Structure formats: C-alpha cells, structure tokens
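Summary of structural features
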Amino acid sequence: MRRHEHDGDIPANPALRRVLGRPGGPELLDLLSNGMSGADLTTLLLEVFRRRADQRTPAEVMRRYRDDRFVAPAPTGFTALRRTEDALVSALPEGFETLVLAPVLPLAAHSAVATVDPRKVIATVRGSEVAADPTNALALEASLRRSVALAADPRSQVPVRLAASQRVTRAQHFDAPGMLAHFQVFGW
C-alpha cells in the first residue's frame, strides 16, 4: 500500500480500496493479517469456503468450469507434452535427479525465494500457494538437501543437481493468443 499523509494507508488496488472502504474494512484486514494465528485463520477460511460451497448449485459449478481460465484443460496434447518432457529429461547432463514436485509450496515461496509479486500467485486457504515456477521448489529442495549434507559433514562438497517438469499456474492475465493461466515448465 502507498502512504497518504491525511488518510493513512490507501491501497493502490481499486478492488481492495472498495472492500476496505466498507465499515470495519481496515480493522478486518488487520485482524485477518496480523491478529490471528495461521491455524486460526485457516480454520476460519475453511468454514467460509465450506459455506460458500454449500450454496453452489451444480449449474453454477458448471458455469464456473466453462468460464474460469484457471480450471480449463490446456490445449496442448498430452502425447506432445510427454514427448517434449522425455526429450528434455534425456538432454539433462549426467548427475541430475528429476523430481516430481508438489503442486503447492509454502506461502511466500515465490516472493521470498524469487521476486514474484504475491498477487501473481494463487494463495490457498491452507497457508500455501500454487506452484508458479518449478525453480522456486527446486531451490527450496536443493537448500534442504545441502543443509542435510552439511549437517552430516560440515565440509561436504556433494553437489545437489535437481530438475523437474511441473504444471504451474500464474494469476496475472495476459491478453494474447496462447497465453494460458496454467502451463508446463521444465526447470533445472
């Protein structure tokens, strides 16, 4: 948020400004951001989404499936994608381990490990975020493995070489042909 000398914090995002303009809006944001533990926030949000899900009809779910760019299947054929992944994996230098990464990472992984704006990543109710780039998960896993190696031998020189092909999702909207909300990325 940018700082305004007379009105305090004013969000630059018009949708957030509208929400916070309601009575109690700034206090609610502060409570949800700082006033509860992560577990309590998760419990609250799970109940909110359970109630919202209970109100949805099958027709509404179908409409959302039809209109939501995040849930539509990719236009890429499975066989073509698989052949490309096989070619990439076979081209890796010797000594790389190919991982099957989880579809989610800890909350802030993309902004803490890289410089991705959190608004371009899909956060989950459970304090995680949907993968937006496999290199962030690979960096976290490599760091974990190096820590384990160094704990066993403080002079360890064992390299960590990891690769993965991962389906990722990006929240920002691109208005160009072929720009999808989710796509496959190979990283090493």
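Residues numbered from 1 in each chain as written. Predicted model: local features only at pLDDT ≥ 70, side-chain atom pairs only at ≥ 80, totals over all residues. Heavy atoms only, no water.

Within the chain one finds 7 helices and 7 strands. Beginning at the N terminus, the succession of helices and strands in the chain can be written as β-β-α-α-α-α-α-β-β-α-β-α-β-β. The globule rule puts the C-alpha radius of gyration for 188 residues at 16 Å, and the 21 Å found for the chain is more than 25% above it. Each of the three principal axes of the chain carries a C-alpha extent, and together these read 60 × 45 × 35 Å. (Helix = DSSP H or I, 4+ residues; strand = E, 2+ residues; numbered from the N terminus. Rg over C-alpha atoms; globule rule 2.2 N^0.38 Å.)

What the 3 strands build is an open sheet, ordered 3-6-7; its pairing is mixed. Two strands in the sheet have a free side with no partner beyond their single neighbour: strand 3 (97-99) and strand 7 (182-187). The sheet shows a mean angle of 15° between the axes of neighbouring strands, taken without regard to direction. Strand direction decides the pairing type here: strand 6 (residues 162-169) and strand 7, joined by 6 bridges, are antiparallel. Its bridge partner being in strand 7, Q166 is matched across the sheet by V185. Across the sheet, helix 5 (residues 78-91) is in contact with strand 3, strand 6 and strand 7; its angle to strand 7 comes to roughly 15°. Packing of helix 7 (residues 134-152) onto the sheet brings it into contact with strand 3, strand 6 and strand 7, and relative to strand 6 it is tilted by some 140°. (Pairing = 2+ DSSP bridges. Axes fitted to C-alpha atoms, helices over the stretch in contact; angles between N-to-C directions. Contact = heavy atoms within 4.5 Å.)

What follows covers helix 7. The terminal C-alpha atoms of helix 7, which comprises 19 residues, lie 27 Å apart, in line with the 27 Å expected from a rise of 1.5 Å per residue. The complete set of buried residues in helix 7 reads P134, N136, A137, L138 and A142. In this fold, the buried residues of helix 7 make contact with strand 3, strand 4 (104-106), helix 6 (109-112), strand 6 and strand 7. (Expected span 1.5 Å × (residues − 1). Buried < 20%, exposed > 50% of the residue type's maximum accessible area, 1.4 Å probe, protein only.)

Another aspect to go through is the side chain of S156. Inspection of the secondary structure puts S156 in the loop between helix 7 and strand 6. Relative accessible area serves as the criterion here: at 7%, S156 is assigned to the buried category. Ignoring any residue separated from it by four or fewer positions in sequence, one finds S156 in contact with R146, A149 and L150.

In terms of nonpolar packing, the biggest core is built from 9 residues, these being L99, L101, L105, A109, A137, L138, A142, L162 and A164. Breaking this core down by element, the ones donating at least two residues are helix 7 and strand 6. A total of 3 residues in this core trace back to one element, the largest contributor, which is helix 7. Beyond its immediate stretch of four places on either side in the chain, L138 contacts L99, L101, L162, A163, A164, G187 and W188. (Core = buried A, V, L, I, M, F, W, Y, C linked by side-chain atoms within 4.5 Å.)

Attention now moves to the packing of aromatic side chains. What characterises a pair of aromatic rings is the spacing of the ring centres plus the angle enclosed by the ring planes. Counted under the stated rule, the structure contains 1 aromatic pair. Between F186 and W188 the ring centres are 5.9 Å apart and the planes differ by 45°, which places this aromatic pair in the tilted class. (Phe/Tyr/Trp six-rings, centres within 6.5 Å; stacked < 30°, edge-to-face > 60°.)

Per the stated rule, a full pass over the model turns up 10 salt bridges. In this structure, E47 and R51 form a salt bridge, with 2.9 Å as the shortest nitrogen-oxygen distance. Of the two residues, E47 and R51 are both situated in helix 3 (residues 38-55); the distance of 4 residues between them amounts to about one turn of the helix. Note that D68 is salt-bridged to R64, the shortest N-O span being 2.7 Å. Residues participating in the shared-partner salt-bridge network are E47, R50, R51 and D54. (Salt bridge = Lys/Arg side-chain N within 4 Å of Asp/Glu carboxyl O.)

Here the focus is a nonpolar patch on the surface. Among the surface-exposed residues, L44, V48 and F49 lie close enough to one another that they form a single nonpolar patch of about 240 Å² accessible area. By secondary structure assignment, the location of L44 is in helix 3. (Patch = residues over 30% accessible without salt bridge, like charges linked within 9 Å, V, L, I, M, F, W, Y side chains within 5 Å. Areas by Shrake-Rupley, 256 points an atom, 1.4 Å probe, with all protein chains shown as cover.)

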